[in-house]
Amino acid sequence: MSLNSHHEGPHAKLIYMANQIAKFMESKPHAEGVDLLASHINDFWEPRMRIQFFEVIDAGGAGLRPLVIEAAPQIKRPALAA
């Protein structure tokens, strides 16, 4: 059984992780939750994970909680390797 049975595929674990962070941040005032979610991903996710994150975002963000989508513009987009 996967970590998140609603979302299968190569990004399922990443979606699950982002949504877990969002669930916690949803207990904060809204703007603070958005800022803290983006800061957490920027500080703790390596560039490879953020590249995969933006693959999900660029494909429409299916499966991501609304707070994750709202925080996405504040998340640093890594440069793709040449």
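A brief report on the enclosed structure follows. Keep in mind the model is a prediction, meaning the values are calculated, not measured.

**Observations regarding the packing of helix α1 (residues 12-25) against helix α2 (residues 30-44)**
- Between α1 and α2, the shortest axis-to-axis distance is 9 Å and the interhelical angle comes to 145°. At the point where α1 passes α2, the crossing takes the right-handed sense. Of the residues in α2, those touching α1 at Ile21, Ala22 and Met25 are Gly33, Leu36, Leu37, His40 and Ile41.

**Some thoughts on helix α3 (residues 47-58)**
- Here α3 contains 12 residues, and its C-alpha end-to-end distance of 16 Å stays within 8% of the 16 Å for a straight helix at 1.5 Å per residue.
- The inward-facing, buried residues of α3 abut α1, α2 and α4 (66-71).
- Just beyond α3, the residue with positive phi is glycine 60, at close to 115°.

**Here's the deal with the nonpolar core**
- Formed by 22 residues in total, the largest nonpolar core has its most connected members in Leu37, Trp45, Phe53, Leu64 and Val68.
- With six residues, α1 is the single largest residue contributor to this core.
- Residues within four places of leucine 37 in sequence aside, it is in contact with Ile21, Ala22, Met25, Leu67, Val68 and Ala71.

**Observations regarding the side chain of histidine 11**
- Note on placement: histidine 11 falls in the segment before α1.
- By relative accessible area, which is 18% here, histidine 11 ends up buried.

Conventions and cut-offs
Residues numbered from 1 in each chain as written. Predicted model: local features only at pLDDT ≥ 70, side-chain atom pairs only at ≥ 80, totals over all residues. Heavy atoms only, no water. Axes fitted to C-alpha atoms, helices over the stretch in contact; angles between N-to-C directions. Helix = DSSP H or I, 4+ residues; strand = E, 2+ residues; numbered from the N terminus. Left-handed = near helix turned anticlockwise from the far one by under 90°. Contact = heavy atoms within 4.5 Å. Expected span 1.5 Å × (residues − 1). Core = buried A, V, L, I, M, F, W, Y, C linked by side-chain atoms within 4.5 Å. Buried < 20%, exposed > 50% of the residue type's maximum accessible area, 1.4 Å probe, protein only.

Geometry only, nothing functional implied.
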